[in-house]
Each structure stands twice: as structure tokens, then as C-alpha cells.
Amino acid sequence: MVEATNFIEQIINEELESGKVNSVYTRFPPEPNGYLHIGHAKSLCINFGIKEKYNGKCNLFLDDTNPSKEKTEFVNAIKEDIKWLGFSWDKETYASDFFPKIYELAIELIKKGKAFVCDMNAEEISQNRGTLTQAGKESPWRNRSVEENLDLFTRMKNGEFADGEKCLRAKIDMASPNINMRDPVIYRILRQTHHRTGDEWCIYPMYDYAHPICDYMQGVTHSICTLEFEDHRPLYDWVGIELGFAPKPRQIEFARLNVTNLVMSKRYLKKLVEDGSVEGWDDPRMPTLTGLRNRGIPAQALKDFCGRIGVSKANSEVQISYFEACVREYLNANAERAMAVLNPLKVTITNYPENQTESLDFEINPSDELKRTRKIDFSKTIYIDQDDFSLAPPPKYFRLKKDGYVRLKSAYIIKCDDVLFNEDGSVKELLCSYVPESKSGSDTSGIKTKGVIQWVNAEKGKDVEIRQYGYLLNDEEYAGQDFSERMNKQSVKIFNGKVEPYVLDNADDRPYQLMRTGYFKLLNVKDKTILSEIVSLKDNFNVKK
RNA sequence: AGGGGUGUCGCCAAGCGGUAAGGCAACGGAUUUUGAUUCCGUCAUUCGUAGGUUCAAAUCCUGCCACCCCUGCCA
């Protein structure tokens, strides 16, 4: 018996112990009507997490009962995203696989007197449903004979009626305080080409009716969904009981993931893509899995995040800082280090020989057990970041100042002797001298510097566009505003900095930590290669007061 | 208003009658050739609230309050 870490596992443990079930089968059930986002990652981790933990099974179940919204493009994207997270499903199933069975069981319900064909249109049904406090009215067609219902339902299937002209309803209780139980529609007539079954069907089952059947047919033991389906559970169970499912799958609900400042509604995300506010579903600003992947978020970090936020039934909103902490933690341990200057300031080492280049060792990652290094070139002219030099340094400023010393990361200690100015008074160039015996790794100078700054060889450095992407904002400040406007508000900052060639020349697109800057990744946006920020280094730009 | 849910530190979240885990954030301090990392320390006499039961309650009972979901031929 494994130890439960949340209430769902607790339920499973109890059922395993009591012998109600002897193995666990879950399913991840997206509707292929859009791309997966960070919220789906939570569901993915729960369902596949249970499969792994209990040595059970988990299917990828595409819930495609509404052909007007679903597309093959989306199912392919969904599969890609799940693979990226490193999960593998036992079977790939579709609600549409079960259409014949679902139809057959509808006939069984009719024969049992538990379903009837209703001639009212959608508006009439809605009007007769009653309200939250008042019971609904029974349909005048509710007591048709089994024979008539069978005949009508067959003719519905055969396309003898127009869309919406008739529907099949479960016969439950129009006075139920649970509105979902007031003779819910379970089949509608809909002439829409289905992405898999084409025009084979002109009637389609509703989610509430199809889902329990699909679960049962797949051998699912635990049907995990979000909180808004709690009210549907009695109907889920009704279908299972009337159809004699044994063992009947158990529906368990959990609170969906909300993250501060993240737009998560599929509807809005779709709108952003369609009206061109973003480059696409994979735009690095999007909270979609493909967007996060494109941005450079490691799958491991996302999974770690999902595990750490836990699972409960309390509506909650997780701070984005928690997510970023998970990303930073993973990247800190795994990302290679590189140097870059975002705002270049030329530095000439006056006492360094002209035309000399020295190859120095640079640590790839301080936590690397093998202590691997790579070579970087040092020479007379370099660039440092403008922020790393101050003419009027505040207290506790550790970096370079006039007549002060600072260490160039992995190189030498330098002293700023002179400052050259532009005509407008801004700093043009620094004239520094280096301390030859302070070479990194063999420092005998005895000079201690509190500050260490990054630098780039003037010859080797390359210009690159660097963008800092924010997330789609969804806070009060933007309430009521158009989304395209929100996009502009968090618009992209562009720097033209010198970046070490190592970063650019590296063929793969792993994220890097630019020293003292943040975690970056090489991105391709609209056929343009840029360097984009994933997360910042904590407090790295702030001089403490 | 009828039904279904949920309320434990700024944010997540354990806890299931025996006297409040952990993580994120924050704040001290140490180490540091990234002001990062790492490290060590601090951070709920109190569990929405008012009563009750009990030797003992976040956990059981009752009332109240707050918030979320439900009146698609969407999922």
C-alpha cells in the first residue's frame, strides 16, 4: 500500500483496502477543441501520476461528442504536449469510438422506459425546466409508448427530422432540486461533419450521458474531473445504475488550477490566436503547454510545480511566483552558465598587451559534479554592462566605480583608472588596468573584491536581440479592457546587447543562465531568432539599501 | 431563494479526537569568483464564526457567516 498524498489517493487506498477495486484505471479526457494549457497539466499529473504510483493504467481519452468544435489539429497538438511532459498513455480512445455502443444503450434505456423522444424545441425545454427554486414541468411527450419512442429514435438516427426538431431525454425527475436530473437531453440531432466519423451520424450523445458509458467501456475505475461536475455526478451514477454497470466507475472531483495573472480560459486564448494578438497557440506569452515549452520552461519543472501545489477541493489561486520558483530551481541545477552584457560599455585594459588573447576556463555550472569548463577569450578590449559601473555609487555598491576594484568573472581583477565621456556627458569608455597575478584560479594578488561582474570580449561578442516576455495579464488593472490592449501593456522590451558567441553558436535550444541576469533561451518567433527570458534571477538587479 | 461544494499563516497545503507538517513568499545571519546558489535561523497558543459534547476538538454535534458551482439540444 502506498502512502496517500492527497484526498483522491486516499479514496483509492480505501477502495483498494476494502476490495472494492483491485487495480486502478484513469483517463485524461480533454475535448479536442483547443490546445492544452497549464491547467490541464495539473489534471495530466493527477491522472498519470496515479497510474504510475499504483502501477495502474491511464488512457488518453478524447471527448469528441460535439463535432461543431472539434478538430484533428487539436488532437495532434494534445498528443504532442502530453509526450513533451513525458507521460505515455495505455490506449488512445475517443468518445466517437463508442458511438455505436452509446446508441445501442440508448435503445436499452428506451426499452426500460427510462428515456423518451421529446418533440419540444430547445427553447421550450428550457422554459419547462423550472428554476433553481421551482420544479420543472413534465414534457407532454414524456409518456409515449416504448414502441413509439423506439420508432422515433430510429428515425432520428436515420435523418428523418431536422436539427433540433426532436431529442432524446432521460426520464428521471422534473421536480429534482438538482437541475441536471430534470429529464436531461441525452441525444441531439446535429448535422455536422465529425472529425473522425464524418457524416456517418446525424445524432450525437451529450457529455453527461456518453461520459459514464465511455469510462465503463474502457475499464476506467476512477473518473477524475473538475469541481463544476459535482452536480453532474448523480446523473453520472444514474446512467451507470440504469445500465447495470458493474463495477461502476467512480467520479471524483478536484479544484481546477488558477494562477494569478494568467489568462486561462480556452475561449479567450482562442480569441487571442484568432484575432492575431499573439503569434499563435505556441506564442511564448501563452499559458499553453506549447507556449511554455517554446518559452523554455522545462517539462520537469512544470511537473514538479503540479506536484507541489497539491490536490484539494478548495477553490484557490496559486501565485505565479510559486511556478517561477519551480522553474528557477530546476534551471539553477541544470542550466549552463553564460555571460552577456545587455547595455554595453567599452572597457580598455590599458596595461594588457595589444593583440594578445588569452584562453580562460569558465565553469559551465557551479553544481556540476564533473566541474566541467569551457574556454573563453580575454583580451585588451572588452564590454561590461553599463549597470555594472557607477559614477555615483550608492552605499554597498559592490561593482565597478572610479578608482575601485572589481573582479571580471573567471578572469582578472581590474581597477578603473579613468572615465571617458561623450559630449552629452554620458559615459563613453572606461580605462582600466588589470592585476596580472589575480588570474582566476591562481590568484596571488591578495586583493579581495566584493563584486564580480560579467564581461564579453569585444571581438568575439555578437549582437543579438533580447526580449523579455511577460505572461498574459489577467488582473484588475486590466478588467474590462480588450485583450489586445493587455498584450500591448506587457509589451516586449528589446535590448541590443553583446552576447557571448557560445550562447548563439550552441546548436540545441536548452535554456542558459546569463550570469547576474536571468534564465534565457534561444527562441524563434516569426522566423526571427531572439534570446528570450524565461525567469529572472532573484533580486539580481537590486542594490540592497 | 432550491441543490451541490469549500473555508487551516500573504499564497498553496498536511491534519481524520490527544494538544498545528511541509513548500512558495517574507525576514534575520553565515558562506560565495553569479548581490544567484547553498546553508542556518525566525515566521499560526491557533484552524470562517458562535455555541455544545468530551479529561481532551482544526478534527464530533448545532446554529450562523463568507465564497464558488448549477436553470446549453457545450464539455
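Residues numbered from 1 in each chain as written. Chains lettered and ligands numbered in written order. Predicted model: local features only at pLDDT ≥ 70, side-chain atom pairs only at ≥ 80, totals over all residues. Heavy atoms only, no water.

## Observations regarding the protein's contact with RNA strand B
Taken together, 62 residues are adjacent to RNA strand B, and Ser-312, Arg-337, Phe-398, Ser-440 and Gln-513 come closest. For RNA strand B, the backbone makes up 61% of the atoms found within 4 Å of the protein, where backbone means sugar plus phosphate. Here a base oxygen of RNA strand B sits 3.3 Å away from a polar atom, N or O, in the side chain of Arg-399. At a separation of 2.9 Å, a base oxygen of RNA strand B approaches a polar side-chain atom of Arg-407. Of all the secondary structure elements, the ones that give two or more residues to the surface near RNA strand B are α5 (122-128), β6 (185-189), α11 (299-309) and α12 (320-334). (Near = heavy atom within 4 Å. Polar contact = N/O pair within 3.5 Å; in protein donor to acceptor, adjacent residues only side chain to side chain. Helix = DSSP H or I, 4+ residues; strand = E, 2+ residues; numbered from the N terminus.)

## Here's the deal with the domain arrangement of chain A
Taken domain by domain, chain A comprises domain 1 (7-258), domain 2 (260-334 + 464-499 + 506-536) and domain 3 (338-458). Here the C-alpha centre of domain 2 lies 34 Å away from the C-alpha centre of domain 1. With 30 residues of domain 1 in contact, the opposing surface of domain 2 contributes 31 residues. Roughly 2700 Å² is buried in total at the junction of domain 1 and domain 2, and carbon and sulfur atoms are behind 68% of that figure. When residues of domain 1 are sorted by the area they lose upon contact with domain 2, Ile-38, Trp-84 and Asn-258 head the list and together hold 28% of the total. Summed over the shared surface of domain 1 and domain 2, the result is three salt bridges. Among the salt bridges present, the one from Lys-313 reaches Glu-253, with a minimum N-O distance of 3.6 Å. Connecting domain 1 to domain 2 are eleven residue pairs in polar contact (both at pLDDT 80 or more). Counting residues per element, the side of domain 1 that touches domain 2 draws most heavily on helix α2 (residues 38-53), which supplies eight residues. (Domains from an automatic or database assignment. Contact = heavy atoms within 4.5 Å. Buried area = accessible area lost by both parts, 1.4 Å probe. Salt bridge = Lys/Arg side-chain N within 4 Å of Asp/Glu carboxyl O.)

## Looking at the sheet that holds strand β1 (residues 25-28)
The sheet built from three strands is open, its strands ordered β1-β2-β3 with parallel pairing. Looking at which strands have only one partner, the edges of the open sheet turn out to be β1 and β3 (92-94). Averaged over all adjacent pairs, the angle separating strand axes in this sheet is 35°, with direction ignored. As paired elements, β1 and strand β2 (residues 57-62) share four bridges and run parallel to each other. By the bridge assignment for β2, Thr-26 is matched with Cys-58. (Pairing = 2+ DSSP bridges. Axes fitted to C-alpha atoms, helices over the stretch in contact; angles between N-to-C directions.)

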